[in-house]
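What the coordinates show
Listed below are the residues making up each chain.
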Amino acid sequence: MPISVKMGAVSPTMTTGHIVEWMVKVGDQVKEGDTIADVQTDKAVMPLESFDEGIVAQLLVAVGEEVAVGHDLLLLAVKGEDPKAIAASAGKAAPAVAKAEAKVAPSTNGQESSHAEAPHETVAVSGGRVKSTPLARKIATAEKVNIGEVKGSGPGGRVVRDDVEVFLKAQTSASSSAPPVEKSAPAPARLVVGDEVVKLSRMQTTIAARMTEAKRVAPDIHVTVDIRIDTLVAIRERLNNSLAKEKIKLSVGDFVTKAVAIALRRHPAVNATFDGEMLTRRGEVNVGIAVALPEGLIVPVLKGADALGLREIRTGSEALYEAARKNKLTAAQMNGGTFTISNLGMFGVREFDAILNLPQVGILAVGAAEKRPVVEGDKIVVGTVMTVTLTVDHRVVNGADAAEFLRTLKGLLEEPASMLL
Amino acid sequence: MAVIQYREALRQAMVEEMERDDRVFLMGEEVAEYNGAYKVSQGMLDQFGPRRIIDTPISENGFCGIGIGAAMVGLRPIVEFMTFSFSYVAFDQLVNNAANMRYMSGGQFSVPIVFRGNSGVGGSLGATHSHRPEAFYAHVPGLTVLMPSTPADAKGMLKAAIRSDDPIIFIEHENLLGDKGEVSDDRDFLVPIGKASIVRPGRDVTLITYSRMLKITLAAAEKLAEEGIDAEVIDLRSIRPLDIDTLVTSVSKTHRAVIIEEDWPYCGIGAGISDRIMQKAFDELDAPIRRVTAKDVPVPYSRVLEAAMLPDVGKVVAQVHDVLYR
């Protein structure tokens, strides 16, 4: 029996994906762990690895074709099997098509069938083509929708009218605040920049859905604290001087990550995930670090952050940023987060709050480290202060839990040496 | 208006047209002395006498030829086939002579003739007496093919056929002869040739049918209405010429069509209609056009098998679900 390699869930939230590039071709020998394709998920392009060994007999999905998780992608001939024979017996039809035919075939109940037809052969349909009805295409053309981006609900993934209309509705509701485009406005005397309708990327669509979901299901509270970091800034400077020859430069954010990881270890109530029914206090401390990209936002995860030194936090974070920018994050680098940090300090933001990254129960919004007047005893002095805001899911985390976590965090950052304890 | 049977409506049409025009006459097997094998011409011999109500031998090829000759020299014959299954004996007369005479004679001869009789799967009549001949004749340029499904249309369409100056294949249905319905008394009540009828307006799917299958289709539409599916039912009435405009307008509204016919699938009426719709309204379709036809087999004698062979409400509903992706 040939092995059929299926689309894997390489991102935790992915339900469908498409092949960006095949890394193998028919006839190639594939070993376990080999990358067989780059897959575009809802978040990023990820390599898809094979869990099996064999010779590639047939690619069942074309580049760009969106398929569901679990959908067959390619056939591997195992030892002793002839790849060509497998490809021939599998026919040319992609499984999605075969499924559609299976649906049509039994419905000959009343549907015409004729002995005047030649013996039935499976109709070959090329895998890369978007199957759609004429009406769906007509509407898509009129509305300037790329029909390839519309998910088809018909047999074999055929895009039908409803699919295009649902797609359009989703688009218009996303941009409903934009005023309607005037079509026949008289030519203005001055240069007027017209409205631009922006089609959301897959990533942005996912973000939109997840943010809405978080605000819908999770009653969140926000707890803010100021942290004086003069000591931290001084330590950072000394450490960076000694790390200069290694070309490593610690950021204030790295200290925050370190301190957050330690604080999470001490406050398991915040290092948790909640799916609406089950609260799981997570054994690992995996800190997600939000990274802004031109096309959206992504949260790679620094695994086991509580056990990492500042140097490893710096290099680990740097590697994650780099991979995120190049759209090369692996599933392992994106999954398993137990808490998230969002830092806008580099933009000079004083404070803000973040929306939960469900199913995590907490996210920390970090503002800029800036010089502010500080009351010391009965005097006003100048100190370096940073404001952080913790958002927690109040279904499972109380305000007091949040405050205690912040007290710990504040202590660690105001006296960094305590992190050694 | 009076409620009368389909067969009575046919008779009224012939009687009124014979009273109106002395050139009209009826001939066929058993039309006179026996008052018609299906009693369509009952009483007509008494009213019009043997000069105009003429019994023929069992010789379709012969009496069809006589009819065509009579039409060419100025009379307006109605030729009755006991059933249209027997018209195949006269296929050459209908397809070669009647259809082509105007063309072959350079317009010197027209053939104002009506070939009429019942057809269809009548009930245990067996493979050779259960033919649905519409696709054969609708294939031919020069012939007009009409198939009424109600008593009113039976009268209005037959009167229009008799007044036509060209050969008409007028196909009734054996199982409709006893159906009753309101029929106009107006002696000039004509149903225009080439005009389909929207029997039931709807917005979700277009069901296209004709003749007896209209009843199945309307029953299916009722069933679909229970599920909230609003089907538009169109009775073609005229098989050739086809009222494509009405079909395109409907499909442009519903974006899906199912064609229901009692005939076989391959090269059937639905195949031709489906092609025409796709030529004219391809961009309006949101699903492939589906057809519900008789099975592609000789008509069985067994009633059970015969029923299994024919379209029924369940088969129509299934195909409607299919085009609606339900």
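One structure accompanies this document, and this report is about it. Everything quoted here is computed from the prediction, not taken from an experiment.

Procedures and definitions
Per chain, residues are indexed from 1 in the order of the written sequence. Whichever chain is written first becomes A and whichever ligand is written first becomes 1, with later ones labelled in order. Side-chain atom pairs in this predicted model are given and counted only at pLDDT of 80 or more, local residue features only at pLDDT of at least 70, and totals for whole chains, interfaces and linings cover all residues. Hydrogen atoms and water are omitted, and side-chain values are computed over all heavy atoms in the structure. What counts as an axis is a line fitted to C-alpha atoms, over the stretch in contact for a helix, and the angles between N-to-C directions run from 0 to 180 degrees. For the purposes of this entry, the term helix denotes a DSSP run of H or I that reaches at least four residues, the term strand denotes a run of E that reaches at least two, and both are numbered from the N terminus. For this classification, under 35 degrees means roughly parallel, over 145 means roughly antiparallel, 65 to 115 means roughly perpendicular, and everything else is oblique. Helix crossings are classified by the rotation of the near helix relative to the far one: an anticlockwise turn of less than a right angle makes the crossing left-handed, while a clockwise turn makes it right-handed. Whether two residues are in contact is decided by their heavy atoms: any pair within 4.5 Å suffices. When residue character is reported, Ala, Val, Leu, Ile, Met, Phe, Trp, Tyr, Cys and Pro are called nonpolar, Asp, Glu, Lys and Arg charged, and the others, Gly included, polar. Stacked, tilted and edge-to-face are the three classes assigned to paired rings of Phe, Tyr and Trp, where Trp is represented by its six-membered ring and a pair needs centres within 6.5 Å; plane angles under 30 degrees give stacked, over 60 edge-to-face, the rest tilted. The buried label applies to any residue whose accessible area, calculated with a 1.4 Å probe on protein chains only, is under 20% of its type's maximum; exposed applies above 50%, and partly exposed to all values in between. Note on criteria: charge over ring means Lys NZ or Arg CZ within 6 Å of the ring centre, with the direction from the centre no more than 35 degrees off the ring normal. Residues belong to a common nonpolar core when they are buried Ala, Val, Leu, Ile, Met, Phe, Trp, Tyr or Cys residues joined through side-chain atoms within 4.5 Å. Domain delimitation follows an automatic or database domain assignment. A pair of strands is considered paired only if DSSP assigns at least 2 bridges between the two.

1. Overview of the packing of helix 7 (residues 213–226) of chain B against helix 11 (residues 313–323) of chain B
Residues and elements named next belong to chain B. Look at helix 7 against helix 11: their axes get within 9 Å of each other, and the N-to-C directions meet at 55 degrees. Taken together, the axes of helix 7 and helix 11 are oblique relative to one another. The hand of the helix 7/helix 11 crossing is right-handed. Residues Ile-216, Ala-219, Ala-220, Lys-223 and Leu-224 of helix 7 lie in contact with helix 11, whose contacting residues are Val-313, Val-316, Val-317, Val-320 and His-321. Within the contact of helix 7 with helix 11, the residues separate by chemical class into eight nonpolar, one polar and one charged.

2. What about the packing of aromatic side chains?
The geometry of an aromatic ring pair comes down to the distance between the two centres and the angle between the two planes. Residue and element names in this part refer to chain B. Overall, the coordinates contain seven aromatic pairs over all chains when judged by the stated rule. When the centroid spacing of 6.2 Å and the interplanar angle of 80 degrees are considered together, the rings of Phe-91 and Phe-136 count as edge-to-face. Taken as a pair, Phe-91 in helix 4 (residues 91–104) and Phe-136 in helix 5 (residues 134–138) lie far apart in primary sequence, 45 residues in all. The exposure class of Phe-91 is partly exposed, given its relative accessible area of 32%. Stacked on the ring of Tyr-34, the Lys or Arg Lys-39 has its end atom at 3.7 Å from the ring centre. When the ring centre of Trp-264 is taken as reference, the NZ or CZ atom of Arg-132 above it lies at 4.6 Å.

3. Re the nonpolar core
Core analysis: the biggest nonpolar cluster contains 83 residues, and Leu-364, Phe-405 and Leu-413 of chain A have the highest contact counts within it. Take this core: its biggest share by element is nine residues, from helix 7 (residues 252–266) of chain A. Both domain 1 (3–92) and domain 2 (220–420) of chain A contribute no fewer than three residues apiece to this core. Ignoring any residue separated from it by four or fewer positions in sequence, one finds Leu-364 of chain A in contact with Val-256, Val-260, Phe-339, Thr-340, Ile-341, Ser-342, Val-388, Thr-389, Leu-390, Leu-406 and Leu-409 of chain A. Core analysis: the second largest hydrophobic core is formed by 46 residues, Cys-64, Ala-90, Phe-115 and Val-140 of chain B among them.

4. Concerning the sheet that holds strand 9 (residues 197–200) of chain B
Whether parallel or antiparallel, the strands of a sheet pair through hydrogen bonds between backbone atoms. Residue and element names in this part refer to chain B. Spatially, 9-11-10-13-14 is the arrangement adopted by the five strands of the open sheet, whose pairing is mixed. Two strands lie at the open edges of the sheet, namely strand 9 and strand 14 (290–292), each paired on one side alone. Across the sheet, the axes of successive neighbouring strands diverge by a mean angle of 25 degrees, strand direction being ignored. Here strand 10 (residues 205–209) pairs with strand 11 (residues 231–235) via five bridges, running parallel. Bridge pairing in strand 11 places Thr-206 opposite Glu-232.

5. As for the packing of helix 1 (residues 6–20) of chain B against helix 6 (residues 151–163) of chain B
To describe two helices that pack against each other, one gives the angle between their axes and the distance between the axes. All names here are of chain B. Where helix 1 contacts helix 6, the axes come no closer than 8 Å and their chain directions differ by 30 degrees. Considering the angle they form, helix 1 stands roughly parallel to helix 6. Where helix 1 crosses over helix 6, the two elements pack in a sense that is right-handed. Here helix 1 contributes Tyr-6, Ala-9, Leu-10, Gln-12, Ala-13, Met-14, Glu-16, Glu-17 and Arg-20 to the contact with helix 6, which in turn contributes Pro-151, Ala-154, Lys-155, Leu-158, Lys-159, Ile-162 and Arg-163.

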